[in-house]
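# Coordinates in review
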Amino acid sequence: MIFYDIIYKNKSAQSLGVYVKERPSFPVPERDKTFTTIPGRSGSLVTDDGTYSDVTISIKFNFVDEDENAIGKVFRAAKAWLLSAGSGRMVVSDDTNVFHIVKDVTITDSDRTAKIGHAFTAKFRLDPYTYLASGDSEISLPAALYNQYEPCEPVYKIEGEGVCTITTSSGTVTANIGQNLTIDCANRMSYRTDTGVRNNIALTGDMEDLMIHTGLFNISLSSGFTGSVTPHWRAV
């Protein structure tokens, strides 16, 4: 029998002897909007923030421990897996070309269903976007990209010496490169690629111009520099 499975932080539920009872439902994220009522005016004014709210899913697990005197052993391993600190990626077994970013996990209930059986529910708080695995690939620059999904927050890696001008379809940003620099748009930071030491003052300009918008998006570097971009394609 083939069981439905999830992989979280590079470890599958089944590898721990834990099984997903049923496939979870992934809700469509809500767009962040503000509705303002003005006296004397019919209806309300809508301000669209251009962002989405996190989504929450619940997954029911169960397991059997053949040693009835050690029923907590598997559950302890599952808790260590799910409740470990930090965010992580989740992949579901019937859609392995995409992944979800988990921000938080809580275990909401647990029950001993039989002498050697146990069940529990885990609640996952997810980033609103679904990310494509193909978006993890580095693309050499210059490049003409076509983004058929939502605007995304890429990572740039640039090598060279001196001031590099990064030109995109949205504008230009200059970067003072000392051998190498990584620009992480999602976290709004830049750092040396080889050491990880932060260097946010290396950038001049609006980092929003480095975000890859929907449609055709061109990226080029000034002469004397080489680099790549990892787009992190995402959809709702």
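What this report covers is the structure whose coordinates are included nearby. (Residues numbered from 1 in each chain as written. Predicted model: local features only at pLDDT ≥ 70, side-chain atom pairs only at ≥ 80, totals over all residues. Heavy atoms only, no water.)

### A word on the environment of Thr 230
Note the threshold: Runs of E in the DSSP output that reach at least two residues are strands. Runs of H or I that reach at least four are helices, and both are numbered from the N terminus. Each residue's exposure class comes from its accessible area (1.4 Å probe, protein chains only) as a fraction of the maximum for that residue type: buried when under 20%, exposed when over 50%, partly exposed otherwise. Two residues form a contact once any of their heavy atoms are found within 4.5 Å.
Relative to the helices and strands, Thr 230 is located in strand S17 (residues 226-230). For Thr 230, a relative accessible area of 9% translates into the label buried. Sequence-wise, Thr 230 and Lys 157 are 73 residues apart; in three dimensions their C-alpha atoms are separated by 8.5 Å. Among all residues touching Thr 230, those that are not within four sequence positions of it are Gly 135, Asp 136, Ser 137, Glu 138, Pro 154 and Val 155.

### Re the state of the cysteines
Using the following cut-off: Disulfides are defined as cysteine sulfur pairs within 2.5 Å.
Using the criterion set out here, one finds 0 disulfides in the structure. This cysteine, Cys 152, is not joined by any disulfide, and Cys 185 carries the nearest cysteine sulfur, 9.1 Å off. Classification of Cys 185 as buried rests on a relative accessible area of 0%.

### So, the pattern of salt bridges
The condition is simple: We define a salt bridge as a side-chain nitrogen of Lys or Arg found within 4 Å of a carboxyl oxygen belonging to Asp or Glu.
A complete count under the given rule lists 10 salt bridges for this structure. Arg 31 is the partner of Asp 48 in a salt bridge, and the nearest nitrogen-oxygen pair spans 2.7 Å. Taken together, the residues Asp 48 in strand S5 (residues 44-52) and Arg 31 in strand S4 (residues 31-37) connect sequence positions 17 residues apart. Take Asp 48: its relative accessible area is 40%, and that puts it in the partly exposed class. Between Arg 192 and Asp 194 there is a salt bridge, with the nearest N and O atoms lying 2.8 Å from each other. Under the relative-accessibility criterion, Arg 192 is labelled partly exposed at 22%. It is possible to trace a salt-bridge network through shared partners that takes in Glu 153, Arg 188, Glu 208 and Arg 234.

### Some thoughts on the nonpolar core
Definition in use: To qualify as a nonpolar core, a set must consist of buried Ala, Val, Leu, Ile, Met, Phe, Trp, Tyr and Cys residues joined through side-chain atoms within 4.5 Å.
If you look at the biggest cluster of nonpolar residues, it comprises 28 residues, and the most contacted ones within it are Tyr 156, Ile 158, Ile 166, Ile 183, Leu 210 and Ile 219. Residue assignment for this core shows that the elements contributing at least two residues are strand S11 (143-147), strand S12 (155-168), strand S13 (172-184) and strand S16 (215-221). Ranked by the residues each element gives to this core, the list is headed by S13, at 5 residues. If we skip the residues at most four places from it in the chain, Ile 166 touches Ile 158, Gly 171, Thr 172, Val 173, Ala 175, Ile 183, Leu 210, Ile 219, Ser 220 and Leu 221. Grouped together as the second largest cluster of nonpolar side chains are 24 residues, Val 18, Phe 61, Ala 78 and Leu 126 included.

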